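What follows is each chain in one-letter form.
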Amino acid sequence: MIKYSERGVSKYFLIQLTNNQIRALAERENMDIETFKVSYLYPAIDYYVGISEASYKHTSHSEPPEDGKIRKVKPAYNWLRLTDEFLHPKPDSIQLRPINYNWIYTSK
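The structure presented is a predicted model; accordingly, all values stated were derived computationally and were not measured.

Trainee: Would you mind showing me how to read the nonpolar core here?
Mentor: The nonpolar side chains of a soluble globular protein tend to be buried, and buried together. Leu-17, Phe-36, Tyr-40, Leu-41 and Leu-87 are the most contacted members of the largest nonpolar core, which has 16 residues in total. Examining the composition of this core, we find that 4 residues originate from one element, strand S2 (residues 8-17), more than from any other. Apart from residues lying up to four places away in sequence, Phe-36 is in contact with Ile-22, Leu-25, Ala-26, Met-31, Leu-41, Leu-87 and Ile-99.

Trainee: Explain the packing of helix H1 (residues 19-28) against helix H2 (residues 33-40) here, please?
Mentor: Helices that pack against each other are described as a pair by the angle of their axes relative to one another and the distance between those axes. Close contact between H1 and H2 brings their axes to 9 Å; oriented N to C, the two are set at 100 degrees. With respect to each other, H1 and H2 are oriented roughly perpendicular. Contacts between H1 and H2 pair Asn-19, Ile-22, Arg-23, Leu-25 and Ala-26 from the former with Ile-33, Phe-36 and Lys-37 from the latter. In the contact of H1 with H2, the residues fall into 5 nonpolar, 1 polar and 2 charged.

Trainee: Please explain the packing of aromatic side chains as it appears in this structure.
Mentor: Throughout the structure, instances matching the rule amount to 1 aromatic pair. Where Phe-36 meets Tyr-40, the ring centres are 5.0 Å apart and the plane angle is 25 degrees; that geometry is what we call stacked. Note that Phe-36 and Tyr-40 are positioned in helix H2 at a spacing of 4 residues, about one turn of the helix. Tyr-40 matches Phe-36 in its accessibility class, with the two residues each being buried. The aromatic ring of Tyr-42 is capped on one face by Lys-90, whose charged end is 5.0 Å from the ring centroid.

So, how was this worked out
Residues numbered from 1 in each chain as written. Predicted model: local features only at pLDDT ≥ 70, side-chain atom pairs only at ≥ 80, totals over all residues. Heavy atoms only, no water. Core = buried A, V, L, I, M, F, W, Y, C linked by side-chain atoms within 4.5 Å. Buried < 20%, exposed > 50% of the residue type's maximum accessible area, 1.4 Å probe, protein only. Helix = DSSP H or I, 4+ residues; strand = E, 2+ residues; numbered from the N terminus. Contact = heavy atoms within 4.5 Å. Axes fitted to C-alpha atoms, helices over the stretch in contact; angles between N-to-C directions. Parallel < 35°, antiparallel > 145°, perpendicular 65-115°, else oblique. Nonpolar A, V, L, I, M, F, W, Y, C, P; charged D, E, K, R; others polar. Phe/Tyr/Trp six-rings, centres within 6.5 Å; stacked < 30°, edge-to-face > 60°. Lys NZ or Arg CZ within 6 Å of the ring centre and 35° of its normal.

This is the structure:
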């Protein structure tokens, strides 16, 4: 799902998490692994799924020029840049906040 708003663009998507990733995230957030699974993840067959959000901001190439002059559009430049990535809690865990989770540009 893609959301457009005055704050920018966000993409929501499902991610599959391994047990090692779950353990690392639970430790980083000072949570018990089972509590983390219940609060942030949905069980599937042999793995867990989380709802992730990637937030994007517009770059200077996507905005009208400040001087008001007409310019050629250069499609080689990126018009959006990634600003934040979050793993969202389940709707019944409203007391918890989304946690930072870099998934898009990771090396693993």
